[in-house]
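Overview (structure and organization)
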Amino acid sequence: MIGWFKRRIETYKAHRKLASQTDPRAFKRMAMEIRDLALLASQLNPRERDIHKLIRSVIVEMERLSELADRPEFRKLSTGKKLLLRQGLQESREQLLESIESAPSPTQTLQ
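In what follows, the accompanying structure is described. All values reported here derive from a predicted model rather than from experimental measurement. (Residues numbered from 1 in each chain as written. Predicted model: local features only at pLDDT ≥ 70, side-chain atom pairs only at ≥ 80, totals over all residues. Heavy atoms only, no water.)

A separate point is the overall build of the protein chain. If you tally the helices and strands in the protein chain, you get five helices and zero strands. What you see in the protein chain, going N to C, is helices and strands ordered as α-α-α-α-α. Here the protein chain holds 111 residues, and 23% of them are scored as buried. Pairs at least 24 residues apart make up 74% of the contacts formed inside the protein chain by residues separated by at least 6 positions. For the protein chain, the exposed area adds up to about 9,000 Å²; of that, 54% sits on carbon and sulfur atoms. In the protein chain, 22 positive and 15 negative side-chain charges are present, and the distance between their average locations comes to 9 Å. (Helix = DSSP H or I, 4+ residues; strand = E, 2+ residues; numbered from the N terminus. Buried < 20%, exposed > 50% of the residue type's maximum accessible area, 1.4 Å probe, protein only. Contact = heavy atoms within 4.5 Å. Areas by Shrake-Rupley, 256 points an atom, 1.4 Å probe, with all protein chains shown as cover. Lys, Arg positive; Asp, Glu negative; His and termini not counted. Charge placed at Lys NZ, Arg CZ, Asp CG, Glu CD.)

On to the pattern of salt bridges. Following the criterion strictly, the structure yields five salt bridges and no others. Measuring nitrogen to oxygen at the nearest pair gives 2.7 Å for the salt bridge that ties Lys 28 to Asp 70. Here Lys 28 is found in helix H2 (residues 24–44), whereas its partner Asp 70 is found in the loop between helix H3 (49–69) and helix H4 (72–75), with 42 residues between them in sequence. Look at Asp 70 and you get exposed, because its relative accessible area is 53%. Between Asp 36 and Arg 35 there is a salt bridge, with the nearest N and O atoms lying 3.4 Å from each other. (Salt bridge = Lys/Arg side-chain N within 4 Å of Asp/Glu carboxyl O.)

Packing of H2 against H3 leaves a shortest axis separation of 9 Å and a crossing angle of 160 degrees. Judged by the inter-axis angle, H2 sits roughly antiparallel to H3. Here H2 runs over H3; the crossing is left-handed. Residues Pro 24, Lys 28, Ala 31, Met 32, Ile 34, Arg 35, Ala 38, Leu 39, Ala 41 and Ser 42 of H2 form the contact with H3, whose participating residues are His 52, Ile 55, Val 58, Ile 59, Met 62, Glu 63, Leu 65, Ser 66 and Ala 69. Within the contact of H2 with H3, the residues separate by chemical class into 13 nonpolar, three polar and three charged. (Axes fitted to C-alpha atoms, helices over the stretch in contact; angles between N-to-C directions. Parallel < 35°, antiparallel > 145°, perpendicular 65-115°, else oblique. Left-handed = near helix turned anticlockwise from the far one by under 90°. Nonpolar A, V, L, I, M, F, W, Y, C, P; charged D, E, K, R; others polar.)

Okay, the nonpolar core next. Leu 89 and Leu 96 are the most contacted members of the largest nonpolar core, which has 15 residues in total. Residue assignment for this core shows that the elements contributing at least two residues are H2, H3 and helix H5 (79–101). The dominant element in this core, judged by the number of residues it contributes, is H2, at seven residues. Aside from chain neighbours lying at most four places away, what touches Leu 96 is Ile 34, Leu 37, Ala 38 and Ala 41. (Core = buried A, V, L, I, M, F, W, Y, C linked by side-chain atoms within 4.5 Å.)

Right, let's talk about the packing of H2 against H5 for a bit. Look at H2 against H5: their axes get within 10 Å of each other, and the N-to-C directions meet at 25 degrees. One element, H2, and the other, H5, form an angle in the roughly parallel class. Between H2 and H5 the crossing geometry is left-handed. Across the interface between the two elements, Phe 27, Met 30, Glu 33, Ile 34, Leu 37, Ala 38, Leu 40, Ala 41 and Leu 44 of H2 pack against Lys 82, Leu 85, Arg 86, Leu 89, Gln 90, Ser 92, Arg 93, Leu 96, Leu 97, Ser 99 and Ile 100 of H5. Each residue belonging to the contact of H2 with H5 can be placed in one class, and the counts come to 13 nonpolar, three polar and four charged.

What follows concerns the packing of aromatic side chains. Geometrically, a pair of aromatic rings is defined through the distance of the ring centres and the angle of the planes. Tallying each qualifying case throughout the model produces one aromatic pair. Ring centres 5.1 Å apart and planes at 75 degrees place the aromatic pair Phe 27 and Phe 74 in the edge-to-face group. Here Phe 74 lies in helix H4 and Phe 27 lies in helix H2, a separation of 47 residues in the sequence. (Phe/Tyr/Trp six-rings, centres within 6.5 Å; stacked < 30°, edge-to-face > 60°.)

Keep in mind these numbers describe shape, not what the thing actually does.
Now the structure itself:
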């Protein structure tokens, strides 16, 4: 009886975690965070035009994703596709953070 109850609780927890990961609001938050990181990255590399072009495309795509997350069609996507999209967004976020960390210092003077 206790084992059955523990399994039910664990199943419920896993279901809630999956639901929170595939919630459209979570995708919208991630998209806005990535957009903000991209804006920050563009400010840290003001002279490189190639990077600006890539960053601009990231910003546009994140705005599109934010709009798509509000649509009913987004809710109809399979859980697997939503998880793959979430994984891709997490990887993009990590890459942006790495590029921000590796950006050259704006001044030569140590602070």
